[in-house]
Amino acid sequence: MVSPMRRDPEVGRLLLSILFLAAWEAGSGQVHYSVQEEAKHGTFVGRIAQDLGLELAELVPRLFRVASKGRGDLLEVNLQNGILFVNSRIDREELCGRSVECSIHLEVVVERPLQVFHVEVEVKDINDNPPMFPMLVKTIGFHESRLLESRFPLEGATDADIGVNALLSYKLSSSEFFSLDIQTNDELSQSLSLVLRKSLDREETAAVNLLLVATDGGKPELTGTVQLHINVLDVNDNEPTFDQSVYKVQLLENTANGTLVIKLNSSDADEGSNSEIVYSFSSDVPSAINTKFKIDPGTGEIRTKGQLDYEEMKSYEIQVLAYDNGTPSMTGHCKVSVKLVDINDNTPEVSITSLSLPIQEDALPGTVIALIMVSDRDSGANGQVTCSLTPHVPFKLVSTFKNYYSLVLDSALDREKLSHYELVVTARDGGSPSLSATASVSVEVADVNDNAPTFAQPEYTVFVKENNPPGCHIFTVSARDADAQENALVSYSLVERRVGERALSSYVSVHAESGRVFALQPLDHEELELLRFQVSARDAGVPPLGSAVTLQVFVLDENDHAPALLPPGAGAGAGGGAGGGELVWRAVGAGHVVAKVRAVDADSGYNAWLSYELLPAAGGARSPFRVGLYTGEISTTRALDEADAPRQRLLVLVKDHGEPALAVTATVLLSLVDSGQAPKASLRESSGPASAEAALVDVNVYLIIAICAVSSLLVLTLLLYTALRCSATPTEGACGPGKPVLVCSSAVGSWSYSHQRQQRVCSGEGPPKTDLMAFSPSLPQGPGSTEERQPSDSEHLGKPRQPNPDWRYSASLRAGMHSSVHLEEAGILRAGPGGADQQWPTVSSATPEPEAGEVSPPVGAGVNSNSWTFKYGPGNPKQSGPKPKKQTQVSFLLRHKGEASQPLQ
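Residues numbered from 1 in each chain as written. Predicted model: local features only at pLDDT ≥ 70, side-chain atom pairs only at ≥ 80, totals over all residues. Heavy atoms only, no water.

Turning to the environment of Asn607, a few remarks are in order. Structurally, Asn607 is set in the loop between strand S46 (599-600) and strand S47 (611-614). Classification of Asn607 as buried rests on a relative accessible area of 14%. C-alpha separation for the pair Asn607 and Asp656, spaced 49 residues apart in sequence, amounts to 5.8 Å. Setting aside chain neighbours within four positions, we find Asn607 in contact with Asp557, Glu558, Asn559, Asp601, Asp656, Gly658 and Glu659. (Helix = DSSP H or I, 4+ residues; strand = E, 2+ residues; numbered from the N terminus. Buried < 20%, exposed > 50% of the residue type's maximum accessible area, 1.4 Å probe, protein only. Contact = heavy atoms within 4.5 Å.)

In structure tokens, the structure reads:
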């Protein structure tokens, strides 16, 4: 038969729960969907991309993904249309058990920029589980002496569904002896009992078979059945009875093993053995009860047997039997309802999902670094968790949804100050005492190129001796970059510029990795005293950063230049070769200056301080001349007489004060003449026999032809050599002596020539050039053409003199001496006796003489100037004294550094 169902209170509670759930969802502010359990694969759940405000085209570029903790891949999103669909079987009972609320929480993460959305998908129950009884056939012993309305409790069916699908109704097959009574307790559970409606008579009816059917409230309805086999027992008339049918007990979940739960007490109206009661659990209680509780058969005490856990099972309902020892035995029944009280015995759990590690040191505040989820299995205040972060770090926690937090950047980072952070996230519940759990987050700060290489000082001074070997190491620059890896990889390079007419890279180079600076070629102090340049240091970051340091390289002078003799001035007897010589009147007195040796040194300092010394003549003969130690002036030591040779050959040693000292030798040829000697010679020639004069003319003609032929051949050779040199590729600037050049001049039917060396001078700019040295020809001069200058008192003194303050030649003059001298005007040769005076270019020496020739650089010429302008003059002023008696011939020889003096041939 169908038992009456009291469903009105149950329906009201269900509606109240549904309204509460709807209100909670509306307040959560998150996207909410619902789907029925057991939905097929591909079932539409919702348009998640549209609901979250995301464009379909940006799902893939922004790395759209869905994560669900512990839910596997139940739901998936189609990135083509943004639809959330069912991916695999969803079983609500497996996910949530008998919980009223069952939802799948999804975390939707998109990047660029990083955004996190929380989506809740409610799993709705369907009626997919039929009611289940503990057993299919239940055997019951029922005494025939039982009174009408006697009750026998039955174990009801269970339904894994919830809500309406779990509301069960029972129907008992028709019977004249029994009916089904259903009672609903406070826990919405139902108590079933068989009620005796008609007295039993074992002799008439020994057994009764009934079918109990349980039907749930789902659509369609599902049913479960149990077969009741009732045996009618005879003998004992009174059954044990309890003072109440249901006992309620509360226990802490941490109750120790063996703790007394309750002591049951039942009574039996019979006497003797029929009143002796034995207690036991019903045979159909769940196995979990037998593992957690035990009952003393004699006393009825129920004690704990195992460890109770509120998070595993919140309550237990224990069916207890009390049967006597009568024959047949009679049984009494009661229910013990045990509820567990939660205590704070579960520490919070922290789960961290890193998203953006390592983090760039230039990340903006608010950048999300990690997602943190906390949970606690306890309930109430014991399950309320708060999160905190290690103090004094540039990070903070931001609550996003319920127990979800985001670890975000709170202030700017600097990897150079601190490159690694060990963060500790502490989750603490609200229990008393509270429990906490910690989780570590290791945050690496990634380097960005925000530091330029730096040098220890902005400028370095380096001293290098000149004539260094090519490729020698002169200095090492080093820059430090505070960044890491490729951002700290420093490379060095020159800041290119022009040094004069040449590029800086032709002088020095820098190794890109080590910063070693090398001199690519020998440095010349006379060419370049100071080389100032910059070295750039640049790292390998993107974009690269760099800085520069200034190097001042001072080239120290060495004594690498021998003194150089200057061309002789008109009327002065100095030079560097052999020519016609200098005429000196025998009538001059002691101390008279007859010639002057002029020389310069391209070095500087003591290396350019020159001294002059007269070498002794061959054979040990005492010379009537001397030379000034620092002036180079050749003067007489006594009055000249007839015993002195008419031709005097003087060797003057010019040396500097360097270490070691370098020297050059000048040969001075003096011709001693008496006054009137030249006219007398002319008279003798005119009065000679005609045959001798004709022979002399023939000899002169042959000599002129030979000299012209040789000169023409030499000119052709020079032209060919010049053409080859112009067409050839310039060499690396090697310096060496050139070929000799003959310079011819005409003088009254007779020819004389001087042998001159051609010297190539390296100036560092352009091809080497040739110095042209001019010498006066061997021509007699008429009286009065050259007048002698009386020496001053100082010139009679033999003591050495210090050089004048300008003995250190300026850079312009030294550069001029390195360069070739271009004569802008041709010297005027005297045609013969009585002809015009010849003029030769003269160069001023270290001791200025206003009357002598001057040399000055062109306008705008610098250290490397190659062009000089000579002013022409008579050289020395007219000197007063007696008229010359003889003509004196002076010539000079120029020798290179290290060349030994050769006797005049």
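Of all hydrophobic cores here, the largest spans 28 residues; its most connected members are Tyr492, Val508, Leu531, Phe533 and Val535. Those elements giving two or more residues to this core turn out to be strand S33 (459-465), strand S34 (472-476), strand S36 (490-494), strand S39 (508-510), strand S40 (516-519), strand S41 (530-539) and strand S42 (546-556). Among all residues touching Leu531, those that are not within four sequence positions of it are Arg497, Val499, Leu504, Tyr507, Val508, Leu551, Gln552 and Val553. Tyr33, Val35, Leu52 and Ile90 belong to the second-largest nonpolar core, a separate cluster that totals 27 residues. (Core = buried A, V, L, I, M, F, W, Y, C linked by side-chain atoms within 4.5 Å.)

A separate point is the sheet that holds S41. One open sheet accounts for four strands, arranged S33-S42-S41-S36; its pairing is mixed. Of all the strands in the sheet, just S33 and S36 have a single pairing partner and so form its edges. Taken pair by pair, the neighbouring strands of this sheet meet at an average axis angle of 30°, ignoring direction. Here S33 runs beside S42; their pairing, made up of seven bridges, is parallel. (Pairing = 2+ DSSP bridges. Axes fitted to C-alpha atoms, helices over the stretch in contact; angles between N-to-C directions.)

This part is about the sheet that holds strand S45 (residues 593-596). Overall, antiparallel pairing links the three strands, which are arranged S45-S49-S48 in an open sheet. The open sheet is flanked by S45 and strand S48 (625-627), the only strands paired with a single partner. Direction aside, neighbouring strands of the sheet carry axes that sit 25° apart on average. With three bridges joining them, S45 and strand S49 (residues 633-636) adopt antiparallel strand pairing. Across the sheet, residue Ala595 finds its bridge partner in S49, namely Ile634.

A complete count under the given rule lists 20 salt bridges for this structure. Lys198 is the salt-bridge partner of Glu176, the closest N and O atoms lying 3.1 Å from each other. Taken together, the residues Glu176 in the loop between strand S10 (169-172) and strand S11 (178-184) and Lys198 in the loop between strand S12 (190-196) and strand S13 (207-215) connect sequence positions 22 residues apart. Overall, Lys198 belongs to the partly exposed group, its relative accessible area being 38%. (Salt bridge = Lys/Arg side-chain N within 4 Å of Asp/Glu carboxyl O.)

Now for unusual backbone geometry. With an omega dihedral of 0°, the bond running from Lys219 to Pro220 counts as a cis peptide bond. Relative to the helices and strands, Pro220 is located in the loop between S13 and strand S14 (223-233). In this model, Leu63 sits at a positive phi of 55°, which is unusual for a non-glycine residue. Relative to the elements of secondary structure, Leu63 occurs in the loop between helix H2 (48-51) and strand S3 (65-67). Take Leu63: its relative accessible area is 38%, and that puts it in the partly exposed class. Located in the positive-phi region is Gln485, a residue other than glycine, with phi close to 55°.

What follows concerns the state of the cysteines. The tally for this structure, following the rule as stated, stands at one disulfide. The disulfide that involves Cys96 links it to Cys102, with 2.0 Å between the sulfurs. Given an S-S torsion of about 70°, the disulfide between Cys96 and Cys102 has right-handed geometry. Residue Cys102 is classed as buried on the basis of its relative accessible area, which comes to 2%. (Disulfide = S-S within 2.5 Å.)

What follows concerns the side chain of Gln648. Note on placement: Gln648 falls in strand S50 (residues 647-655). Look at Gln648 and you get buried, because its relative accessible area is 13%. At 3.2 Å, the side chain of Gln648 and the backbone oxygen of Ala645 are in polar contact. With near-sequence residues (within four places) excluded, Gln648 lies in contact with Pro624, Phe625, Val668, Leu669, Leu670 and Leu672. (Polar contact = N/O pair within 3.5 Å; in protein donor to acceptor, adjacent residues only side chain to side chain.)

Moving on, we get to a nonpolar patch on the surface. Side chains of Val701, Tyr702 and Ile705 sit close together on the surface and give an oily, nonpolar patch of about 330 Å² of accessible area. We classify Ile705 as exposed; its relative accessible area is 52%. (Patch = residues over 30% accessible without salt bridge, like charges linked within 9 Å, V, L, I, M, F, W, Y side chains within 5 Å. Areas by Shrake-Rupley, 256 points an atom, 1.4 Å probe, with all protein chains shown as cover.)

Here Val213 shows up in strand S13. Residue Val213 is classed as partly exposed on the basis of its relative accessible area, which comes to 21%. Along the sequence, Val213 and Ser173 sit 40 residues apart, while their C-alpha atoms lie 8.0 Å from each other. Non-local contacts of Val213, meaning those with residues more than four positions away in its chain, are made with Ser169, Tyr170, Lys171, Thr223, Gly224 and Thr225.

Our next topic: the side chain of Asp125. As for its placement among the helices and strands, Asp125 is situated in the loop between strand S7 (115-124) and strand S8 (137-143). One buried charged residue, Asp125, forms no salt bridge at all, with the nearest opposite charge on Arg92 at 4.8 Å. Among the polar contacts listed, one links the side chain of Asp125 to the backbone nitrogen of Ile162, at a separation of 3.3 Å. Looking at Asp125, its side chain comes within polar contact range of the side chain of Asn165, at 2.9 Å. Ignoring anything within four residues of it in the chain, the contact list for Asp125 reads Glu37, Arg92, Glu93, Asp161, Ile162 and Asn165. (Lys, Arg positive; Asp, Glu negative; His and termini not counted.)

Time to look at the environment of Ile277. In this fold, Ile277 is placed in strand S19 (residues 277-281). Along the backbone, Ile277 and Ser266 are eleven residues apart, and their C-alpha atoms lie at a distance of 7.7 Å. Those residues within four positions of Ile277 in sequence are excluded, and the remaining contacts are Pro240, Ser266, Ser267, Asp268, Pro297, Ala322, Tyr323 and Asp324.

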